[in-house]
Amino acid sequence: MIQLFDYWRSTASYRVRIALELAGLEWRSVPVNLIDGAQRAPEHLERNPQGLVPVLEIDGLRLTQSLAIVEYLNETRALRLLPADPAGRARVRAIAQAIAVDIHPVCNLRVARHAVTESGGVITMEGWMRAFIGPALEAVETTLEGGDYCHGASVSLADLCLVPQLYNADRWGVDLSAMPKIRRIAATFAHNPAFVAAHPDRTLH
Ligand SMILES: N[C@@H](CCC(=O)N[C@@H](CS)C(=O)NCC(=O)O)C(=O)O
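An account of the accompanying structure is given in this report. (Residues numbered from 1 in each chain as written. Predicted model: local features only at pLDDT ≥ 70, side-chain atom pairs only at ≥ 80, totals over all residues. Heavy atoms only, no water.)

### A short note on the pattern of salt bridges
Formally: Here, a salt bridge means any side-chain nitrogen of Lys or Arg that lies within 4 Å of a carboxyl oxygen of Asp or Glu. Think of it this way: any DSSP run of H or I at least four residues long counts as a helix, any run of E at least two long counts as a strand, and we number them from the N terminus. Summary of the burial criterion: residues with accessible area below 20% of their type's maximum are buried, those above 50% are exposed, and those between are partly exposed, where the area comes from a 1.4 Å probe applied to protein chains only.
Per the counting criterion, the structure on display carries seven salt bridges. Residue Glu46 pairs with Arg62 through a salt bridge whose shortest N-O separation is 3.8 Å. Residue Glu46 is located in helix α2 (residues 42–47), and its partner Arg62 is located in strand β4 (residues 61–64); the two are separated by 16 residues in the primary sequence. According to the relative accessible area criterion, Glu46 is exposed, its value standing at 61%. In this structure, Arg91 engages Glu145 in a salt bridge whose closest nitrogen and oxygen atoms are separated by 3.4 Å. Here Arg91 is found in helix α4 (residues 86–106), whereas its partner Glu145 is found in the loop between α6 (125–143) and α7 (157–171), with 54 residues between them in sequence.

Shown next as structure tokens:
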């Protein structure tokens, strides 16, 4: 059985859950409770020495890093999450990385908590999250075409990064009212079965 070590609110895990659902695979979630520190327990550090989720066990492999995992599923399960043309692939990867490589690490739990603690309470969790997520999403908004998807007329790696980030933005009260292109994409996926099945509210926790 394919096993995903994940956490319901983890946006990196959410990306992988969407890809697993798009692939129509049977898989099971093994929750790693990040609030309790289970990611630092020896058994999880053995799975991923970085002490992070997600970790995917599939095809006799143990994979880490959500973008690498999604690309593995894309290649082995023919998901077509990257366009055929190099320019399209560069654009999709640029949007995906603007979220997964630029926004996500700054807003990771351990980073945000450290900032809050070291500031002696001057910085709040909400303040930290809003300071980084809102402006970064505005930048993504300006690069979007205004269609139903981040790129072209079908789901891509960029959508797998954007939708979980929007869940996270909502969690921290980031105002998306000035981002109509992003809201249009959110509406596209609100009823997509794979995205719905992967939603944190549908996940074990
Ligand atoms: N670049 C990694 C990031 C993984 C990551 O930061 N995971 C977060 C949850 S979204 C985590 O495990 N945080 C635990 C911690 O900070 O202690 C990926 O895309 O898989």
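So, next bit.
### Concerning α6
Heads up, the rule is: Expected helix span is given by 1.5 Å per residue-to-residue step, counting one fewer step than there are residues.
Over its 19 residues, α6 extends 28 Å from the first C-alpha to the last, a length consistent with the 27 Å expected when each residue adds 1.5 Å. All buried positions along α6 are accounted for by Met125, Trp128, Met129, Ile133, Gly134, Leu137, Val140 and Glu141.

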